[in-house]
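Read off the chains here:
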Amino acid sequence: MRTRALSTPLSAEDAAGLRAGDVLYLTGTLYTAREEAHQRLLDDLDAGLPEPFPLEGAVIYYVGPSPMTQHRPIGAAGPSSASRMDPYAPRLHQLGVRASIGKGRRLPLMRAALMEHGGVYLGATGGAGALLSLCIRQVRLAAYPELGPEAVYALDVAEFPLVVLQDCHGADMHVAPNLEAALSG
Amino acid sequence: MRKIPARAVVDQVAAMCVAANRRLPPDVHRAFLRAQAQETPMGREAFRQLLDNAALSAELGLPLCQDCGMAVFFVEMGEDVRVDGMGLRQAINEGMVKGYREGFLRKSTCDPFTRINRGDNSPAVIHFDIVPGDTLRIVMTAEGASADNASRVAMLAPHSDLDAVRDFAVRCVAEVCHGVCAPVSLGLGIGGSFELAALNAKKALLRPIDNIHPDPAMAQLEETLCEAVNRLGTGPLGLGGNTTCLGVKVLAAPCHRDALPLAVYIQCHCARRVEVVL
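Structural notes, computed from the coordinates. (Residues numbered from 1 in each chain as written. Chains lettered and ligands numbered in written order. Predicted model: local features only at pLDDT ≥ 70, side-chain atom pairs only at ≥ 80, totals over all residues. Heavy atoms only, no water.)

**Here we look at a nonpolar patch on the surface**
Then comes step 1: Taken together, the side chains of Val153(B), Met155(B) and Phe194(B) define a hydrophobic patch exposed on the protein surface, amounting to about 280 Å² of accessible area.
Then comes step 2: Summarising the element assignment, Met155(B) is placed in strand 6 (residues 152-156). (Patch = residues over 30% accessible without salt bridge, like charges linked within 9 Å, V, L, I, M, F, W, Y side chains within 5 Å. Areas by Shrake-Rupley, 256 points an atom, 1.4 Å probe, with all protein chains shown as cover. Salt bridge = Lys/Arg side-chain N within 4 Å of Asp/Glu carboxyl O. Helix = DSSP H or I, 4+ residues; strand = E, 2+ residues; numbered from the N terminus.)

Structure (structure tokens):
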């Protein structure tokens, strides 16, 4: 288990140095986005509008936080299932996005996209919304306020704990289920 | 006839919604500690984060998970008790809406087609049972989308044996182990009718993880099935390890002689539930 610490934006060199299974503490800015924000972003770029936030080296966090409380900038903020964003993610990597944060396995097309564009897929602990929330120091609206809770927010994070689930060299950290062992005996 | 003021139900239900979302059930906490001791380094780190998450959630008043779920209620209403002031269904719904609002819990219910959020997490999903006695027992569970999405109902061939039940459940977990928040708890509804099996799969999980089934055959099935799922080796978060499943709970019911319904509920690690008796 190697441990790494990096800051955003992530460079191509940063991504190339990461291997599936590395533990990564990330500091800097994450941009939140789920399906609606992805659709809107790609529609706007197709229409020739400028980038709503710098895409080069950006890290996208798939998250739908719970409402913020009085003393915190954000509520619980654990990862959403990443495969829901697979129809959009390869194009974002083509446009400069370097990493996404979510949970669970992705469609096979993501392996090729990450290898082609030098991207990584990072996993945060599914269901650890309170713990992850504590690493988020500040929250700013970045784009699409009309999407309400699904708008894009910039999260300033400090030492956000992650595992590299897929690297840009084709490796995937998920362990294949051993059906034979499970069904024997 | 014993009377319970509806206001008491509203307040209790509101408090239950907040508590379920902020407090890891004690049996789940014990199961985390037991499992952590026999994990790989990556697995131990996952359990450390989950235990820290539970402590922080209770301390800071943040939900354990941002997906605060659909609010599902199992109600056992004594025949000799009545709720005074408004209908019991209305009281539970009012309490749930109040709890989700005041507890800063995420509201997730929406129209199934337009997907427009209803804004208050309503309606609660409520299952009523009429039982003897003069008490009102309410169990609330918060069911996140990942758990509901991963779960399955099947109609097995009528003469299938327990190995067939085990095979189906293991294959279900193998299929979804990289999408759910493992380590999971499994609830099995065996027998009954198509819809009763699904309900029983959820109800089975109301038993604490370390509660052993009173029927030795069912206790045996629970144990062997848990061991089988753990031999999948996918572990916490699907990244490898010894604990894919924390425990299996079975609820069996008589069924039609020409059918064998089987439902497998795949509950995420936090297994949020809380109970009150009024």
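**A word on the interface of chain B and chain A**
Then comes step 1: On the side of chain A, 44 residues touch chain B, which itself brings 39 residues to the contact.
Then comes step 2: Taken together, chain B and chain A are joined by zero salt bridges.
Then comes step 3: On inspection of chain B and its partner chain A, the count reaches 19 residue pairs in polar contact (both at pLDDT 80 or more).
Then comes step 4: Broken down by secondary-structure element, the contributors of at least two residues to the side of chain B that touches chain A are helix 3 (41-60) and helix 6 (162-176) of chain B.
Then comes step 5: Sorting elements by how many residues they give to the side of chain B that touches chain A places helix 3 of chain B first, with eight residues. (Contact = heavy atoms within 4.5 Å. Polar contact = N/O pair within 3.5 Å; in protein donor to acceptor, adjacent residues only side chain to side chain.)

**Re the packing of aromatic side chains**
Residues and elements named next belong to chain A.
Then comes step 1: For the structure shown, the criterion picks out three aromatic pairs over all chains.
Then comes step 2: With a centroid separation of 4.1 Å and 20 degrees between ring planes, the pair formed by Tyr-31 and Phe-53 is classed as stacked. Taken together, the residues span a long stretch of sequence, with Tyr-31 in strand 2 (residues 23-32) and Phe-53 in the loop between helix 2 (35-46) and strand 3 (59-61) at a distance of 22 residues.
Then comes step 3: For Tyr-31, a relative accessible area of 14% puts it in the buried group.
Then comes step 4: A cation over a ring is seen here: Arg-106 above Tyr-121, with NZ or CZ 4.7 Å from the ring centre. (Phe/Tyr/Trp six-rings, centres within 6.5 Å; stacked < 30°, edge-to-face > 60°. Buried < 20%, exposed > 50% of the residue type's maximum accessible area, 1.4 Å probe, protein only. Lys NZ or Arg CZ within 6 Å of the ring centre and 35° of its normal.)

**Here we look at the state of the cysteines**
Residue and element names in this part refer to chain B.
Then comes step 1: Under the defined criterion, the tally for this structure stands at zero disulfides over all chains.
Then comes step 2: Cys-172 takes part in no disulfide bond, and the closest cysteine sulfur to it belongs to Cys-177, at a distance of 12 Å.
Then comes step 3: Take Cys-268: it sits in no disulfide, and the sulfur closest to it among the cysteines is that of Cys-270, at 3.8 Å.
Then comes step 4: Accessibility expressed as a relative area gives 12% for Cys-268, which makes it buried. (Disulfide = S-S within 2.5 Å.)

**Remarks on the packing of helix 6 of chain B against helix 8 (residues 216-230) of chain B**
Relative placement of two packed helices is described by the angle separating their axes and the distance separating the axes.
All names here are of chain B.
Then comes step 1: Where helix 6 meets helix 8, the axes come as close as 10 Å, and the angle between the chain directions of the two elements is 40 degrees. The way helix 6 lies across helix 8 gives a crossing that is right-handed. Listed contacts from helix 8 to Leu-162, Arg-166, Ala-169, Val-170 and Val-173 of helix 6 are Leu-221, Leu-225, Ala-228 and Val-229.
Then comes step 2: For the contact of helix 6 with helix 8, the per-class residue count stands at eight nonpolar, no polar and one charged. (Axes fitted to C-alpha atoms, helices over the stretch in contact; angles between N-to-C directions. Left-handed = near helix turned anticlockwise from the far one by under 90°. Nonpolar A, V, L, I, M, F, W, Y, C, P; charged D, E, K, R; others polar.)

**Quick word on unusual backbone geometry**
Then comes step 1: Looking along the chain, the bond that leaves Thr8(A) and enters Pro9(A) is cis, with omega of -10 degrees.
Then comes step 2: Mapped onto the secondary structure, Pro9(A) falls in the loop between strand 1 (3-7) and helix 1 (12-16).
Then comes step 3: Cis geometry is adopted by the peptide bond preceding Pro183(B), which originates at Ala182(B) and carries an omega value of 5 degrees.
Then comes step 4: When you line up the elements, Pro183(B) lands in the loop between helix 6 and strand 7 (184-191).
Then comes step 5: Despite not being glycine, Asn121(B) shows a phi value in the positive range, around 65 degrees.
Then comes step 6: Mapped onto the elements of the fold, Asn121(B) is located in the loop between helix 4 (88-102) and strand 4 (125-131).
Then comes step 7: One non-glycine residue, Ala271(B), adopts positive backbone phi at about 40 degrees.
Then comes step 8: Looking at the secondary structure, you find Ala271(B) in the loop between strand 9 (260-267) and strand 10 (273-277).

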